[in-house]
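Understanding the architecture of this molecule
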There are 2 protein chains.
Amino acid sequence: MSFVTGLKCVFCGARYPARTVMTCPKCGVTGILDVEYDYAAVKRRLTRRALAARPDPGQWRWRELLPIGERARLPALAVGGSPLRPAAALARRLGLGTLLLKDDGRNPSASLKDRASAVGAVKAVEAHRRVIACASTGNAASSLAGMAAAMGLKAIIFVPERAPEPKLAQLLIFGATVLRVRGGYDQAWELCQRACERWGWYNRNCAVNPYLVEGKKTVSLEIGEQLGWEVPDWVAVSVGDGCTIAGTWKGFRELRLLGLTRRTPKLLGVQAEGAAPVTAAFRSGEPLRPVEPRTMADSIAVGVPRNWKKAVDAVRESGGTMINVSDEEIREAMRATGALAGVFAEPAAAAGVAGLARAAREGVVPRRAVTLAVITGNGLKDTRSALEAAPRPIEVPPDLDAVAAVVER
Amino acid sequence: MSFVTGLKCVFCGARYPARTVMTCPKCGVTGILDVEYDYAAVKRRLTRRALAARPDPGQWRWRELLPIGERARLPALAVGGSPLRPAAALARRLGLGTLLLKDDGRNPSASLKDRASAVGAVKAVEAHRRVIACASTGNAASSLAGMAAAMGLKAIIFVPERAPEPKLAQLLIFGATVLRVRGGYDQAWELCQRACERWGWYNRNCAVNPYLVEGKKTVSLEIGEQLGWEVPDWVAVSVGDGCTIAGTWKGFRELRLLGLTRRTPKLLGVQAEGAAPVTAAFRSGEPLRPVEPRTMADSIAVGVPRNWKKAVDAVRESGGTMINVSDEEIREAMRATGALAGVFAEPAAAAGVAGLARAAREGVVPRRAVTLAVITGNGLKDTRSALEAAPRPIEVPPDLDAVAAVVER
């Protein structure tokens, strides 16, 4: 039995029974819905003790807080349960008191998006769909392709024309049908929407499908449990479309609601300077104004974020703030996170670390705070950016004296 | 307290106390040593019940079987504890009865080598070394660089001239000093050896350092525990230098020795047709004859494997066999493993799957056997090979009819 009680529009507040709609019929496709649960019932079942008795560290241990039936067929891939570890040397370098890294690059397709795609694939099977689709150049697509493969679903992915080939390698190997649309991301997105309507494919686009963000919130549920039912003072999450930080907040909110933790962290929403419309909306209090995105951090290079309101509300409710970082700060964070913690973060993931560093410098995050950065994706997904950020190899002849000249200098 | 009793030369059988030598002084650098333990003492400590009470699923749960002190400082990265999952659809495609995948691409730097590098880094700290070095183009190097970063050690990596840049991205981000040696792998290797001697750096080269393979064996220890103290009938491991399959065998042997499992699996050692000197030595019973390696599977493209004898002995002792697969079979296995299991395997990892498929076709592995392939590395480490193996994207204009023409055909 699922504990879902219904869906609520984040714009107009209208409520709908589950499974009837994907977006609010009154508000149209921008009327994003939020899944609601019978928290009183969940609270009776999802106790610390009950959780301690569940051996699987992955995201399904939170099934009462997920919009899936108890007998739902689950993918064989191990999703979630990612490592949480202290990074003392990195904290010192960044001027932070305590820094924890939640490494979601360790998911099956190497990004946090697997948490969402897993829920999407389970829902598609539940709805007896054979095809699941999305428009994405990056992590959402490859994670969807992987989950679909694991569940025996067909994945159809719409990518913009200029999607770099290495980004496609993963989804092509997962057997997805990849349609490269002559045009940009927005055209790919629109085409995907219309195709899903026409052929009845299950739509994995996060900003439209209310269930996916429920998968994302498990990252916070895990953080609470991994810290012995404590939460950090500040949690940094990079912001593109806004879904991930919204999901992160929902998880922390639920932990407190269920009495599993006593408090919630402040969220630090981090955008790239060249793609910061959500920060602008957060600061101005006005509706979002689209921008032309310009940043190396492609996973958060979103000019028209569709979930900006959920993101802004989440940061505000948490008592946190939004901050922007430059591409050079992102590159520096990639180098520091790699060299001082042994974690290879993709640019969008390093942006969270860079945001904490800047917030510390600006006094937004106090020196004594316990901070956490969510590493949303693995740097292996974008080795070109890594090579731009990294130092160069040193050329030497096969000669020990040449090595001496390098190592003894 | 460590349970290590000493080191034994795999060639001449001479025994040495631990910590005194790295290779057999009588046999020279080819005199590879094997770490021996007080198994009676280990058996008293390392019981099924004791293991069940250890919450950390990673490789340190086997510390009695590792050559590290009980108070050794461990890296903060979560090593091992990788998922083991059934792959029914893939098994059907390959003509196998039951197929399990042990996905070691989920390790911190995305390969099984992390198990070895973690032990290496711990030993280096134990020996009060500040620098750890190796010669490698690939997984050993990046995993060493990551572990060194996590432990605060300096890593110096010798790579051959033609090492592809994307392969270097990971180690450069981890802050390693990368010396690109004008010459091939063998020259890089020799230079590393001499540099370690001259400056007293800790040597991570697997074929020389007897401790690293001890980390690798934890993959088998985990398999035994994950299967409820059963083992598969056949375990496929791709073979390059020979260290990994030797380590795999040692783990299975120890499981049985300690009474944790009743039997051991047969090993299927898989080489690429274009780099198969170990298979040749296995079949001929003669010493290894070097070859010029030619295969897309760069992690096993080894012409002069330094651990061939351990590998041949391991396969023979297990009652298994060696098999070769073509690059086209490897590509097909990459596609099938991706599309039917949602696992992105690097070519060397897919070689194991391809080997099982061929062994099934040739009747070497019976239809009813429970088989397991060790996925030794993540395909993200070599997206160029993946793109060569994968189908192409389909170009479409931003038009629903064009999509219809594709999906309805």
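The structure reproduced in this document is the subject of the present report. (Residues numbered from 1 in each chain as written. Chains lettered and ligands numbered in written order. Predicted model: local features only at pLDDT ≥ 70, side-chain atom pairs only at ≥ 80, totals over all residues.)

This part is about the relation of the copies chain B and chain A. Note on the identical chains: chain B maps onto chain A by a rotation of 180 degrees and an axial translation of 0.0 Å, with an RMSD of 0.0 Å. Each copy turns onto its partner about a two-fold axis. The residues that chain B uses at the interface reappear at the interface of chain A in 100% of cases, marking a shared surface. (Least-squares fit on C-alpha atoms with pLDDT ≥ 70 in both. Contact = placed C-beta atoms within 7 Å.)

As a further point, take the interface of chain B and chain A. Taken together, the contact between chain B and chain A spans 66 residues of the former and 67 residues of the latter. Here the residues of the side of chain B that touches chain A sort into 45 nonpolar, 11 polar and 10 charged. Across three bridges, strand E8 (residues 177-181) of chain A lies against strand E14 (residues 394-396) of chain B in parallel orientation. Note on E14 of chain B: the bridge partner recorded for Val-181 of chain A is Val-396 of chain B. (Nonpolar A, V, L, I, M, F, W, Y, C, P; charged D, E, K, R; others polar. Pairing = 2+ DSSP bridges. Helix = DSSP H or I, 4+ residues; strand = E, 2+ residues; numbered from the N terminus.)

Here we come to the sheet that holds strand E3 (residues 33-37) of chain A. Residue and element names in this part refer to chain A. The three strands lie next to each other as E2-E1-E3, forming an open sheet whose pairing is antiparallel. Edge positions in the sheet fall to strand E2 (15-16) and E3, since each has one partner strand and no second. When strand E1 (residues 4-9) meets E3, the two strands line up antiparallel, connected through five bridges. Each bridged residue has a counterpart across the sheet, and for Lys-8 the counterpart in E3 is Asp-34.

Take the sheet that holds strand E14 (residues 394-396) of chain A next. Pairing within the open sheet is parallel, and its five strands lie in the order E14(A)-E8(B)-E7(B)-E6(B)-E9(B). The open sheet has two edge strands with one neighbour each: E14 of chain A together with strand E9 (202-203) of chain B. Here two bridges tie strand E6 (residues 131-135) of chain B to E9 of chain B, and the two strands are oriented parallel to one another. If you follow Ala-133 of chain B over to E9 of chain B, its bridge partner there is Asn-203 of chain B. Sheet strands touched by helix H16 (residues 400-407) of chain A: E14 of chain A together with strand E8 (177-181) of chain B. Its angle to E14 of chain A, the strand with the most contacts, is close to 150 degrees. Of the strands in this sheet, E6, strand E7 (154-160), E8 and E9 of chain B touch helix H7 (residues 185-199) of chain B, which is tilted by about 155 degrees from E6 of chain B. (Axes fitted to C-alpha atoms, helices over the stretch in contact; angles between N-to-C directions.)

Everything listed here is a matter of coordinates, which is why it stays silent on function.
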